[in-house]
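# Chain and residue survey
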Amino acid sequence: MGGKRINTNTNLQPQTNSCGKRSFAVDDDDDRISQLPDDILVDILSSLSLKEATRTSVLSSRWINLWKHIPCLDFDGPASLKSGGHKYVKWVNSVIRSNKSPTLKKFRIRFPSDGNSITQWLEFAFSRHVRSLELDFHVYYNNFCFPDDLFAPRSNTVLGFMSLKALSLKRVTLRGGEIELFLRNCPLLEQLIVHTAWNISKIEVCGPSLVLKNLEIVNCTGLESLKVYAPNLASLRVTSLKGVSLENVPMLVDATVSCDYDSISVKHLLSGLSSCISQLETLNLVMSRSYDREETNELYSYFPEMPKLKKLVIACYSFDDQSLVRLASLIRASPYLQEFVLQNKRLEGCLRHRQVDYDAAAINTRFQHEHLKVFRFCGYQFCSSNNALVRYVLKNCTVLEKIIIDPSVVFFYNRLSRLELEKNVRDVAKQHIEPQLPHRVELVIL
């Protein structure tokens, strides 16, 4: 197998290790890894962290310069790094100056620094025709703003945009118009992720020639308008559909949407998806607040049939028993559903075993589902509504093959109590669900 050979410095002198002993290169006959082509070795180094990759330079003369040709630069600063981090910034600059890869597959910055340094690193990345760019300042509350001259027509960085296929901006300050500039100047862009950009009020992802396939607009609380006109879009994730307009999205098959605390109603949510809901194959609904009985009725009354849906994921943070039981209606709205995942992300204060009078008609309605094969229940607890929903699935899903019970509790801060609770749930699930299972159904308790 052939491969490119990289010029390396063969004048490596014997080195002294931390024990004061001199070390030499391993004989080539015994070092079979070093006999591999350089491009394969660089691929191996790319799977390591940058710190680990740079340390390989002391192995032998064969390795001394290989790390400088890594095309993936991931600067993920330690959690303890404080704003400024001059020592770490100095190391980042040295790695960038040493890098000899003509193109970059990935460039990621995930630590706080000053705007001038970040701008210089971006200019470097674009000069190397970076394909995947990620700025993630979620943990550090950085306030980096894209400089205007980065988009200037005379700037060489604009030419570097041409190779960009994936762009992720997390807690980056956007003043408006930057997203559209990237879309206009990045003809190969397939993935766009924007998280926690609070200042932006309007985003337009529009264009008949867009090749964009994946779009995420999450926690942009100031966003009032999101217009999407993207004929190749396959996956969409948005925190809220408030102000969202979807047009010409014939390839959209995967959607994740939320009903937030300041939330629009489910009726409005479904209205926002009306142009594509009949073509969806995967739907993730995140319910971040509880609903009263009237709203619960609305949730299921307005749900249209989804004839192509194969996977449905419902994540609820504070659903009550009534709402939980009525999830059966969603199954009926998805006649070709193959996998149903319910994530009951209940809070610590909601863990009491409550017995309530739920609407028995909603759960006992006979409906033969001929395609659902997997039901995964995350956050299962032994109470009336949870058990009723399991019985409904067993009764109506005639080709069911597997029930997965995951007792994991979210937001339960007492670890010992959480572990004890999860163990009890496992025991109860095995005791009460297993006897109900038909022979064809496998019970998996995580």
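Here we take up the overall build of the protein chain. Assigned secondary structure in the protein chain consists of 13 helices and 19 strands. Counting every position in the protein chain, which comprises 446 residues, the buried fraction comes to 49%. Working note: accessible area of the protein chain is about 22,100 Å², and carbon and sulfur atoms make up 49% of it.

Next up on the list: the side chain of Ser101. Examined against the element boundaries, Ser101 turns out to sit in the loop between α3 (86-98) and β4 (106-110). The class of Ser101 is buried, set by a relative accessible area of 5%. Contact partners of Ser101, with chain neighbours within four places excluded, come to Lys68, His69, Ile70, Pro71 and Arg128.

The description of two helices packed together rests on the angle between their axes and the distance between the axes. Between α3 and helix α4 (residues 115-127), the least distance of the axes is 12 Å, while the angle of their chain directions is 20 degrees. One way to sum up the angle between α3 and α4 is to call them roughly parallel. Relative to α4, the crossing made by α3 is left-handed. Contacts from Val89, Val92, Asn93 and Ile96 of α3 reach α4 at Ser117, Trp121 and Phe124. A class-by-class count of the residues in the contact of α3 with α4 yields 5 nonpolar, 2 polar and no charged.

Pairing is parallel in the open sheet, where 3 strands are placed in the order β8-β10-β12. Each end of this open sheet is capped by a strand with a single partner; those strands are β8 (202-206) and β12 (244-247). Adjacent strand axes in the sheet meet at a mean angle of 5 degrees, parallel and antiparallel pairs treated alike. As defined by bridge partners, strand β10 (residues 225-229) adjoins β12 across 4 bridges and the pair is classed as parallel. The residue bridging Val228 from the neighbouring strand is Leu246, located in β12.

The next subject is the packing of aromatic side chains. One pair of aromatic rings is described through two measures. These are the centre distance and the angle between the planes. According to the stated counting rule, one finds 11 aromatic pairs in the structure shown. Ring geometry for Tyr88 and Trp91: centres 5.5 Å apart, planes at 40 degrees, overall tilted. Of this pair, Tyr88 and Trp91 both sit in helix α3, 3 residues apart, roughly one helical turn. The pair Tyr88 / Trp91 is uniform in exposure class, with both members buried.

This brings us to helix α1 (residues 38-46). Among the residues of α1, those classed as buried are Asp38, Leu41, Val42 and Leu45. Here the buried residues of α1 occupy an arc of 100 degrees about the axis, which is enough to place them on one side. Looking at the buried side of α1, the elements it contacts are α2 (50-55).

Note on strand geometry: in a regular strand, side chains alternate between the two faces of the sheet. What you see with strand β11 (residues 235-238) is a clean split: Leu236 and Val238 sit on the buried side and Ser235 and Arg237 on the side with no burial. Of the pairings in the sheet, the one linking strand β9 (residues 214-218) to β11 comprises 4 bridges and is parallel in character. Bridged to Leu215 within β11 is Leu236.

Before going further, it helps to spend a moment on the environment of Leu135. With respect to the helices and strands, Leu135 occurs in strand β5 (residues 132-136). For the pair Leu135 and Val194, spaced 59 residues apart in sequence, the C-alpha to C-alpha distance is 9.9 Å. Excluding anything up to four places from it in sequence, Leu135 contacts Ile109, Leu122, Phe144, Phe146, Ser168, Leu169, Lys170 and Val172.

In this model α3 runs 18 Å from its N-terminal to its C-terminal C-alpha over 13 residues, within 8% of the 18 Å that 1.5 Å per residue would give. The set of residues buried in α3 consists of Tyr88, Val89, Trp91, Val92, Val95 and Ile96. The buried residues of α3 all sit within an arc of 160 degrees when viewed along its axis, so they share a single face. Facing away from the buried side of α3 by more than 90 degrees, the exposed set consists of His86, Lys87, Lys90 and Arg97. Along its buried surface, α3 packs onto α2, β3 (72-76), β4 and α4.

Parameters and conventions
- Residues numbered from 1 in each chain as written.
- Predicted model: local features only at pLDDT ≥ 70, side-chain atom pairs only at ≥ 80, totals over all residues.
- Heavy atoms only, no water.
- Helix = DSSP H or I, 4+ residues; strand = E, 2+ residues; numbered from the N terminus.
- Buried < 20%, exposed > 50% of the residue type's maximum accessible area, 1.4 Å probe, protein only.
- Areas by Shrake-Rupley, 256 points an atom, 1.4 Å probe, with all protein chains shown as cover.
- Contact = heavy atoms within 4.5 Å.
- Axes fitted to C-alpha atoms, helices over the stretch in contact; angles between N-to-C directions.
- Parallel < 35°, antiparallel > 145°, perpendicular 65-115°, else oblique.
- Left-handed = near helix turned anticlockwise from the far one by under 90°.
- Nonpolar A, V, L, I, M, F, W, Y, C, P; charged D, E, K, R; others polar.
- Pairing = 2+ DSSP bridges.
- Phe/Tyr/Trp six-rings, centres within 6.5 Å; stacked < 30°, edge-to-face > 60°.
- Arc of directions from axis to C-beta.
- Expected span 1.5 Å × (residues − 1).

All quantities given are derived from atomic positions and should not be read as evidence of function.
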